[in-house]
Number of protein chains: 2
Amino acid sequence: MPLRTRIPRPAARRLSLYLREGESLLAIGAATVSSERLGARLGISAAQVRRDLAYLAQAGQRGVGYDLSTLVSMLSRELGLERPWHAVLVGVGNIGRALLSYAPFRESRVSIVAALDCDPAAIGQRWGGRMVEPVANLAAVVQRERVELGVIAVPIGSAQKVADLLVGAGIRGILNFAPVEIVVPEGIAASNVDFGVELRRLAMDVMQETAALERASANRRPA
Amino acid sequence: MPLRTRIPRPAARRLSLYLREGESLLAIGAATVSSERLGARLGISAAQVRRDLAYLAQAGQRGVGYDLSTLVSMLSRELGLERPWHAVLVGVGNIGRALLSYAPFRESRVSIVAALDCDPAAIGQRWGGRMVEPVANLAAVVQRERVELGVIAVPIGSAQKVADLLVGAGIRGILNFAPVEIVVPEGIAASNVDFGVELRRLAMDVMQETAALERASANRRPA
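These numbers were taken from a predicted model, which means no experiment stands behind them.

Conventions used here
Residues numbered from 1 in each chain as written. Chains lettered and ligands numbered in written order. Predicted model: local features only at pLDDT ≥ 70, side-chain atom pairs only at ≥ 80, totals over all residues. Heavy atoms only, no water. Contact = heavy atoms within 4.5 Å. Buried area = accessible area lost by both parts, 1.4 Å probe. Salt bridge = Lys/Arg side-chain N within 4 Å of Asp/Glu carboxyl O. Polar contact = N/O pair within 3.5 Å; in protein donor to acceptor, adjacent residues only side chain to side chain. Helix = DSSP H or I, 4+ residues; strand = E, 2+ residues; numbered from the N terminus. Nonpolar A, V, L, I, M, F, W, Y, C, P; charged D, E, K, R; others polar. Buried < 20%, exposed > 50% of the residue type's maximum accessible area, 1.4 Å probe, protein only. Arc of directions from axis to C-beta. Pairing = 2+ DSSP bridges. Axes fitted to C-alpha atoms, helices over the stretch in contact; angles between N-to-C directions. Least-squares fit on C-alpha atoms with pLDDT ≥ 70 in both. Domains from an automatic or database assignment.

(A) A look at the interface of chain A and chain B. If you look at the interface, chain A gives 72 residues, while chain B gives 72 residues. Overall, the association of chain A and chain B removes approximately 6,700 Å² of surface from exposure, summing both partners, and the carbon and sulfur fraction of that is 62%. It is A:F195, A:L199 and A:R200 that lose the most area in chain A upon contact with chain B, and together they represent 12% of the buried surface on that side. Put simply, chain A and chain B have 6 salt bridges between them. A salt bridge links B:R20 to A:D194, with the nearest nitrogen and oxygen atoms 2.1 Å apart. At the boundary of chain A and chain B, one finds 10 residue pairs in polar contact (both at pLDDT 80 or more). In terms of residue count, the dominant contributor to the side of chain A that touches chain B is helix 9 (residues 195-220) of chain A (19 residues). Split into classes, the residues belonging to the side of chain A that touches chain B amount to 39 nonpolar, 14 polar and 19 charged.

(B) Inspection of helix 7 (residues 138-145) of chain B at higher detail. Residue and element names in this part refer to chain B. Taken residue by residue, helix 7 has L138, V141 and V142 as its buried positions. Down the axis of helix 7, the sector holding all buried residues measures 100°, keeping them to one side. In this structure, the buried residues of helix 7 make contact with strand 3 (85-90), strand 4 (110-117), strand 6 (130-134) and helix 8 (156-168). One or two positions beyond helix 7, positive phi appears at R146, with a value near 50°.

(C) Region of interest: the pairing of strand 3 of chain B. Residue and element names in this part refer to chain B. The buried fraction of strand 3 is high, at 6 of 6 residues. Taken together, the 4 bridges between strand 3 and strand 7 (residues 149-152) define a ladder with parallel strand orientation. Following the sheet pairing, V90 is matched in strand 7 by I152.

(D) Geometry of the sheet that holds strand 4 (residues 110-117) of chain A. Residue and element names in this part refer to chain A. Strand order in the open sheet formed by 7 strands is 5-6-4-3-7-8-9, and the pairing between neighbours is mixed. Two strands bound the open sheet, and with one partner strand each, they are strand 5 (126-127) and strand 9 (189-192). Here strand 5 runs beside strand 6 (residues 130-134); their pairing, made up of 2 bridges, is antiparallel. Considered in strand 6, the bridge of R126 is made with M131. Packing of helix 8 (residues 156-168) onto the sheet brings it into contact with strand 3 (85-90), strand 7 (149-152) and strand 8 (173-176), and relative to strand 7 it is tilted by some 170°.

(E) Layout of the sheet that holds strand 9 (residues 189-192) of chain B. Residues and elements named next belong to chain B. An order of 5-6-4-3-7-8-9 is seen for the 7 strands of this open sheet, with the pairing classed as mixed. Strands with a single pairing partner mark the edges of an open sheet, and in this sheet they are strand 5 (126-127) and strand 9. As paired strands, strand 3 and strand 4 are joined by 6 bridges and run parallel to one another. Counterpart to V88 in the pairing with strand 4 is A114. Here helix 7 sits on the sheet in contact with strand 3, strand 4 and strand 6, set at roughly 160° to strand 4. On the sheet, helix 8 packs against strand 3, strand 7 and strand 8 (173-176) and is oriented at approximately 170° with respect to strand 7.

(F) Up close: the relation of the copies chain A and chain B. When chain A is fitted to chain B, the best match, at an RMSD of 0.1 Å, comes from turning it 180° and sliding it 0.0 Å along the axis. Such a turn and shift between the copies fits a two-fold axis. Among all residues of chain A, the minimum C-alpha distance to the rotation axis is found for A:N94, at 2.5 Å. Most of the interface of chain A is mirrored in chain B: 100% of its interface residues are interface residues there too.

(G) Representation of the domain arrangement of chain A within the structure. Looking at the assigned domains, one finds that chain A contains domain 1 (9-78) and domain 2 (85-192). Put simply, the middle of domain 1 of chain A and the middle of domain 2 of chain A, counted by C-alpha atoms, are 30 Å apart.

(H) Structural detail: the pattern of salt bridges. Summed over all chains, the structure comprises 22 salt bridges over all chains. The shortest N-O distance in the salt bridge between B:R200 and A:E23 comes to 3.0 Å. Residue B:R200 is found in helix 9 (residues 195-220), and its partner A:E23 is found in helix 1 (residues 9-27); the two belong to separate chains. What makes B:R200 buried here is its relative accessible area of 10%. Assessed through its relative accessible area of 24%, A:E23 is described here as partly exposed. Put simply, A:R50 and A:E36 hold a salt bridge, and the shortest N to O gap is 3.4 Å. One end of the pair, A:R50, is in helix 3 (residues 46-53); the other, A:E36, is in helix 2 (residues 35-42), and 14 residues separate them in sequence. Look at A:R50 and you get partly exposed, because its relative accessible area is 40%. Salt bridges sharing common partners tie together A:R20, A:E21, B:E181 and B:D194.

This is the structure we're talking about:
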């Protein structure tokens, strides 16, 4: 097996976007895609697309572009998504229910196979075809469903405790929606989705777009 | 006014994380923070923290660290969050309701001031203190509340239409939760939060962590 290059995180994120776009183009019957078209759909330059796809063995052909089914399967392999990945969700509040009813998961190789909660009123309810089980079942669920990923969608105050439970149950990666950083041991992957951080970042993007427009208009003014 | 440097997007994202951590440290009574402590809370190296904070005028003091209240106010200014930013949410399904009940927004300078939906059953309901209004009110709401940001939390099929409505109403930045890329005119900031992309990226992180551990253990083996 060849030694896998460690792809930088921002490039890895873009590869995952290319995979999604590639899959949706395949789904509408396209056979090839150019770096220009792929980039335009994502607001990424064609040059950046070509640089990113250079991490894969396959190169696009000038004037033809990338063969979509090859691209999708190479991206899947590169992203470790050739085989199925199972995730367990802890917390079936609004975010948890949004995740359980998120349709694209159903076709994806990364899927939420079980949902847990500690609220007796939530246990036994069905969301997106999965029945909510008590958090006490965590270790059994992880074994039974060969779960490797955990999703935390509980209130701030319980997030670290749930992270510890997930790590204790043998999970190898955690996606945390609680607006607090969780601490995990070395070797466990963890990432956060924080709505507040996303909205602040957007405000900052708007500010920078405005500054860029102002600079451009100042440059156009006659001296 | 000094020319603002365009901060690279990944650094900008980290600045927004530093701001959040800085605010929560201030809230528990801390006066200073070291780059090591700030980094450890976020899984970022101290060296990276220092490089990122070098974008700000203020430098930390060796052995003392950064003065927290100065750091928070400089980060706020840098991130364009000194003044309030108003956002309008379109779509009050599970994601929309999660956003409306997301507590940290209430103290933040970026806040969701109005929620719209096109479902007559949803209109008039209250979530997180805001009453859902019809989408037809969009232009009036944007004027009334001085809204600059839009949040899309509608199904895939309506996302682009809502984006067009938001742009038409004069919004300058869009945060899109529908799992599809939206197209916006030049000069409008747009970013996406896609649960599937996040989970795939996590799977890939796990794969890379595993590869790194395997390499490390291979290196430790006697030759």
